[in-house]
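Here is how the chains run, residue by residue.
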Amino acid sequence: MKAILIIAHHCILPGAYKGFEEILDRLHHDLPGTRVASTSLLDLENDLRTILREDVESVTLLPYLLLNGQHTKNDVPRVVAKLQAEFPQIPITLLPCLGDWKEFSSMVVCGIRNAQLDERTLAEASCRRKTKENNALVEENHLSSLVSRLSSKTSNLFSIELNLEGRNVLVVGGGRIALRKVKTLIPTGAHITVVAPQIDPEFNALYRHSERSEESSCFSHSASAEQSFSITLKKRPYEPLDLRCVFMVFICTDQPAVNAQVSNDARARRILVNNACDYLDGDFIVPARMDFGENIAVTVSTQGRAPSLAKKLKQKIQAEWAESLEQAEREFES
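Residues numbered from 1 in each chain as written. Predicted model: local features only at pLDDT ≥ 70, side-chain atom pairs only at ≥ 80, totals over all residues. Heavy atoms only, no water.

Hey, could you go over the overall build of the chain for me, with residue numbers and the actual values?
Looking only at helices and strands, the chain has eleven helices and eleven strands in total. Out of the 334 residues belonging to the chain, those deemed buried represent 33%. In the chain, 66% of the contacts between residues at least 6 apart in sequence involve partners at least 24 apart. For the chain, the accessible area works out to roughly 21400 Å², and carbon and sulfur atoms hold 55% of it. (Helix = DSSP H or I, 4+ residues; strand = E, 2+ residues; numbered from the N terminus. Buried < 20%, exposed > 50% of the residue type's maximum accessible area, 1.4 Å probe, protein only. Contact = heavy atoms within 4.5 Å. Areas by Shrake-Rupley, 256 points an atom, 1.4 Å probe, with all protein chains shown as cover.)

Encoded structure:
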């Protein structure tokens, strides 16, 4: 298997990786069977070494940079030379930076030429646009009123239940919040990986339990997802390659810079994100859930805006509805 590693500047601004994501998607689509990954200048050595330790035939590096400066002339070649010496059997090819590609200058000139429309063309376009806007004004007002009424009555989030059995789920963080997330994931049958420099001791107990459950499942083909689960603990800082083959990531650290990096890295790979520290940054939230028997589950959500209220509502439902819901469960089974 061949590998491509794209080197880019790290940026935490939302939307900064839009064009970068399109390139990754094209490479995945046009080069099937090729390992495509991305890294930052700071993480280049660690990420490249990780790829070289895999079963790859060759590695091609693309500096996603415009200017042939300090990074492309000195920093990147120095890392490449060092790792090429460590792995002489695997050829490493370093491509020139984007600014040195002959196709790049032609693309820039073409883009500028297309942008320089003459005044007459602009005026005609403006006239057509205004006519279209006037013709659609009544319809737009009607739609605006309808959307306003609907938005005042409906939620911004779409409620859904996902089947995570056998899926790879990454939890970044090793504190109590991460622990709670992992405990809610265990019954799903997901393959859970926890990455953090410091990990709560209770994770070790869960890990030992997962090992025992995996051993017992080898002798019983009827083991359920609750009986058998998989947890991998990595006691070290997060690395972009941790997102490899991951379906969903939970961000549970108290470090804004780490949270931003994980979020950006995941979105560049189109991975679902849940940010425990900033629900607006994530793709989804996890509602408070209560199970009453095997067939009834009740969830409570405040759209991520008031977790303490969701907790109170959960307690109220458990206190006031538990008996009737459990009775309904028994009647259903009978």
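From this point, things continue past the structure.
Quick rundown of the pattern of salt bridges? Include the residues and the values.
Enumeration according to the criterion identifies 19 salt bridges in this entry. Here D283 and R267 are joined by a salt bridge, their closest N and O atoms 3.6 Å apart. Taken together, the residues D283 in the loop between β9 (272–275) and β10 (288–292) and R267 in helix α9 (residues 256–268) connect sequence positions 16 residues apart. When its relative accessible area of 39% is taken as the criterion, D283 is described as partly exposed. Accessibility expressed as a relative area gives 26% for R267, which makes it partly exposed. A cluster of three or more residues bridged by salt bridges with shared partners is formed by E45, R49, K82 and E86. (Salt bridge = Lys/Arg side-chain N within 4 Å of Asp/Glu carboxyl O.)

So, unusual backbone geometry: which residues are in play, and what are the values?
Although it is not a glycine, C245 adopts a positive phi angle of roughly 65 degrees. If you trace the backbone, C245 turns up in the loop between β7 (230–234) and β8 (248–251). The backbone phi angle of R270 is positive, close to 60 degrees, even though this residue is not glycine. With respect to the element layout, R270 can be found in the loop between α9 and β9. Among the residues examined, R270 registers a relative accessible area of 59% and is labelled exposed.

Got a sec to walk through the packing of aromatic side chains? Specific residues and values, please.
This structure, assessed with the given rule, holds one aromatic pair. Ring centres of F250 and F284 lie 5.7 Å apart, and the angle between their planes is 85 degrees; on these two criteria the pair is classed as edge-to-face. Here the residue F250 occupies a position in strand β8, and F284 occupies one in the loop between β9 and β10, the gap between them amounting to 34 residues. Here the two residues F250 and F284 agree in accessibility, since each one is buried. Here R167 stacks its cationic end above the ring of F247, 4.1 Å away from the centre of that ring. (Phe/Tyr/Trp six-rings, centres within 6.5 Å; stacked < 30°, edge-to-face > 60°. Lys NZ or Arg CZ within 6 Å of the ring centre and 35° of its normal.)

A description of a nonpolar patch on the surface should follow, citing residues and the corresponding values.
On the surface, a cluster of nonpolar side chains totalling about 440 Å² of accessible area is made up of F158, I160, L162 and L272. Residue placement: L162 occurs in the loop between α6 (137–151) and β5 (168–172). (Patch = residues over 30% accessible without salt bridge, like charges linked within 9 Å, V, L, I, M, F, W, Y side chains within 5 Å.)

Summarise the sheet that holds strand β6 (residues 191–195); cite the residues concerned and give the values.
On the basis of which strands lie adjacent, the open sheet formed by five strands has the order β7-β6-β5-β8-β9 and parallel pairing. If you trace the sheet from one side to the other, it starts and ends with β7 and β9, each paired once. The average undirected angle you get between the axes of adjacent strands in this sheet is 15 degrees. In this structure, β8 lies alongside β9, joined through four bridges in parallel fashion. Bridge pairing links M248 to L272 in β9. (Pairing = 2+ DSSP bridges. Axes fitted to C-alpha atoms, helices over the stretch in contact; angles between N-to-C directions.)

Explain helix α11 (residues 322–333) residue by residue, including any values.
With twelve residues, α11 extends 17 Å between its outermost C-alpha atoms, agreeing within 8% with the 16 Å of an ideal straight helix rising 1.5 Å per residue. Regarding α11, the residues found buried are A322, L325 and E329. Take α11 and look down its axis: the buried residues cluster within an arc of 75 degrees, on one side only. Residues of α11 that are exposed and point more than 90 degrees away from the buried face comprise E323 and E331. Buried residues along α11 sit against β10, β11 (296–300) and α10 (307–320). (Expected span 1.5 Å × (residues − 1). Arc of directions from axis to C-beta.)

So, the sheet that holds strand β2 (residues 35–40): which residues are in play, and what are the values?
The pairing of strands in a sheet happens through backbone hydrogen bonds and is either parallel or antiparallel. Spatially, β2-β1-β3-β4 is the arrangement adopted by the four strands of the open sheet, whose pairing is parallel. Pairing within the sheet leaves two strands with one partner each, and these edge strands are β2 and β4 (92–94). Shown here is a sheet whose adjacent strand axes are inclined to one another by a mean of 20 degrees, direction ignored. Across six bridges, strand β1 (residues 2–8) lies against strand β3 (residues 58–63) in parallel orientation. Across the sheet, the residue bridging to A3 is V59, located in β3. Across the sheet, helix α2 (residues 44–52) lies against β1, β2, β3 and β4, angled at about 160 degrees from β2, the strand it touches most.

I'd like a description of the environment of E320, backed by residues and values.
If you trace the backbone, E320 turns up in helix α10. For E320, a relative accessible area of 51% translates into the label exposed. One polar contact links E320 to K316, side chain to side chain, over a distance of 2.9 Å. (Polar contact = N/O pair within 3.5 Å; in protein donor to acceptor, adjacent residues only side chain to side chain.)

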